[in-house]
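Understanding the architecture of this molecule
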Amino acid sequence: MQYTNILYAVENHIATITLNTPQNLNAFNETMILDVLRALKESEKDDDVHVVVISANGRAFSGGGDVGEMIEGAKKDVVIFDKTVGPISQVSYTIKKMKKPVIASVFGAVAGAAFNIAVACDFCIAAENSKFIQAFVNIGLIPDAGGLFLLTRSLGLNRATHLAMLGTPVTAQEGKDYGFVYQVCPLEELEEATKRLAHKLAHGPLVSYGYMKELIFESQFKGYDEYTALECEKQMACGYTEDFKEGVFAFGEKRKANFTGK
């Protein structure tokens, strides 16, 4: 299968999905999202794949949504993420439903949807320079990619609320203390640390892993379908607000947003 914004490779029973648009910090625009979704589904169907790794090229894992596209849409009074809000929610959902273990290997900025996708993965290995940010509030949006559904279960209600409403950055070590980061390592050791974990999982009891993920979903994630529909509805509503326009314009102009609640 041909991909545009990612690299996909399978070696030694490990499928690696590499975000590959470093020029825009691997932003989750429509093409990136659909590429990642297709790669996840391809790896799920491939019996030679035992574990999936999501990594990235460039100086950051991902800056989140493509704010440049949002700014251009706002100038024309067009909500450009009407084509992305549904698919991005499906990325996290697909990871949680997969029977195979999924590892996020992150560094630099892990913002917006990227933060929530990392939380959705079964393991997150983070370089010491990683910075996790629920950036949505800064442009008048709500967390997408299953954000609040995943965060409240992984971090607890209060901490998830604080991160979502304040957009406070979280370091790699804080992420480990909070419980959503499995391992922290120096940036130069990230690739090797990821390979070690992936190799261990790839040679583990695959049927057992599959049943574990099924039972975890059954015990912790009932209602995810209904939540996803509501998340998409509310995100689209946010996209038509004046606060959203002000938020993306302020971001582009590198100034503090002046929200009015409209």
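The structure this text deals with has already been given above.
Throughout this description, residue numbers start from 1 for each chain and increase along the sequence as written. Only residues with pLDDT of 70 or above have their local features reported here, since the model is predicted, and side-chain atom pairs are shown and tallied only from 80 upward, although totals for entire chains, interfaces and linings are computed over all residues. The basis for every side-chain value is the complete set of heavy atoms in the structure, and neither hydrogens nor water enter the calculation.

A closer look at the side chain of Ser 105
A run of DSSP states H or I qualifies as a helix once it reaches four residues; a run of E qualifies as a strand once it reaches two. Both are numbered from the N-terminal end. Checked against the element boundaries, Ser 105 lands in strand β4 (residues 102–106). Accessibility expressed as a relative area gives 5% for Ser 105, which makes it buried. Each polar contact in these results corresponds to two N or O atoms within 3.5 Å; when the atoms are within protein, one needs to be able to donate a hydrogen and the other to accept it, and residues that are neighboring in sequence are counted only if both atoms are side-chain atoms. Within the local environment of Ser 105, its side chain forms a polar contact with the side chain of Thr 194, the two groups lying 2.8 Å apart. Ser 105 has contacts with Val 53, Ile 54, Ser 55, Phe 61, Ile 125, Leu 190 and Thr 194, leaving out every residue within four places of it along the chain. Exposed residues in this analysis have more than 50% of their type's maximum accessible area, buried residues have under 20%, and partly exposed residues fall in between, with area computed by a 1.4 Å probe over protein chains only. Only heavy atoms enter the contact rule, under which two residues are in contact if any of them lie within 4.5 Å.

Comments concerning the packing of aromatic side chains
For this analysis, a ring pair means two rings from Phe, Tyr or Trp (six-membered ring only for Trp) whose centres lie within 6.5 Å, classed as stacked if their planes differ by under 30 degrees, edge-to-face if by over 60, and tilted for the remaining angles. The tally for this structure, following the rule as stated, stands at 13 aromatic pairs. Taken together, a centroid distance of 5.9 Å and an interplanar angle of 85° make the contact between Tyr 93 and Phe 217 edge-to-face. Residue Tyr 93 is located in helix α3 (residues 85–97), and its partner Phe 217 is located in helix α9 (residues 206–220); the two are separated by 124 residues in the primary sequence. Summarising the burial analysis for this pair, Tyr 93 and Phe 217 share the class buried.

Regarding the sheet that holds strand β6 (residues 123–127)
Here a strand pair is declared whenever DSSP counts at least two bridges between the two strands. Strands sit in the order β1-β2-β3-β4-β6-β9 across an open sheet of six strands; the sheet is mixed. Every other strand in the sheet has two partners, leaving β1 (6–11) and β9 (183–185) as the edge strands with one partner each. Taken pair by pair, the neighbouring strands of this sheet meet at an average axis angle of 15°, ignoring direction. With three bridges joining them, β6 and β9 adopt parallel strand pairing. Directly across from Ala 127, in β9, lies its bridge partner Cys 185. Across the sheet, helix α8 (residues 190–202) lies against β2 (14–19), β3 (51–56), β4, β6 and β9, angled at about 165° from β6, the strand it touches most. Axes here refer to lines fitted to C-alpha atoms; in helices the fit is confined to the stretch in contact. Angles between the N-to-C directions go from 0 to 180 degrees.

Looking at the side chain of Glu 246
Mapping Glu 246 onto the fold places it in helix α11 (residues 242–253). Judged by relative accessible area, Glu 246 falls into the buried class, the value being 17%. Here Asn 258 takes part through its backbone nitrogen, which lies 2.8 Å from a polar atom of the side chain of Glu 246. Apart from the residues lying within four places of it in its own chain, the contact partners of Glu 246 are Arg 255, Lys 256, Ala 257, Asn 258 and Phe 259.

Remarks on the nonpolar core
For this analysis, a nonpolar core means a set of buried residues of the types Ala, Val, Leu, Ile, Met, Phe, Trp, Tyr and Cys, connected via side-chain atoms within 4.5 Å. Among the nonpolar cores identified, the biggest contains 68 residues, and Phe 28, Leu 40, Val 91, Ile 95 and Phe 132 are the most heavily contacted of them. The element that contributes the greatest number of residues to this core is helix α4 (residues 113–120), accounting for seven residues. In this structure Ile 95 touches Leu 40, Ile 54, Val 102, Ile 117, Ala 120, Cys 121 and Lys 213, once residues within four positions along its chain are discounted. Membership of the second largest hydrophobic core comes to 15 residues, among which are Ile 71, Met 236, Cys 238 and Phe 244.

Here we look at the environment of Asn 116
Its place among the elements puts Asn 116 in helix α4. Remark: the alpha-carbon pair of Asn 116 and Gly 147, spanning 31 residues in sequence, is separated by 5.2 Å. In contact with Asn 116, not counting residues within four places along its chain, are Ser 92, Gln 134, Phe 136, Pro 143, Asp 144, Ala 145, Gly 147, Leu 150 and Leu 151. Within the structure, the side chain of Asn 116 is placed 2.7 Å from the backbone oxygen of Asp 144, a separation counted as a polar contact.

Focus: the pairing of β1
Where β1 lies against β2, six bridges are found, and the strand directions are antiparallel. Looking at β2, one finds that Ala 9 is bridged to Thr 16. With antiparallel pairing between neighbouring strands as the criterion, β1 and β2 make up a hairpin whose turn holds two residues, including Asn 12 at a positive phi of roughly 55°.

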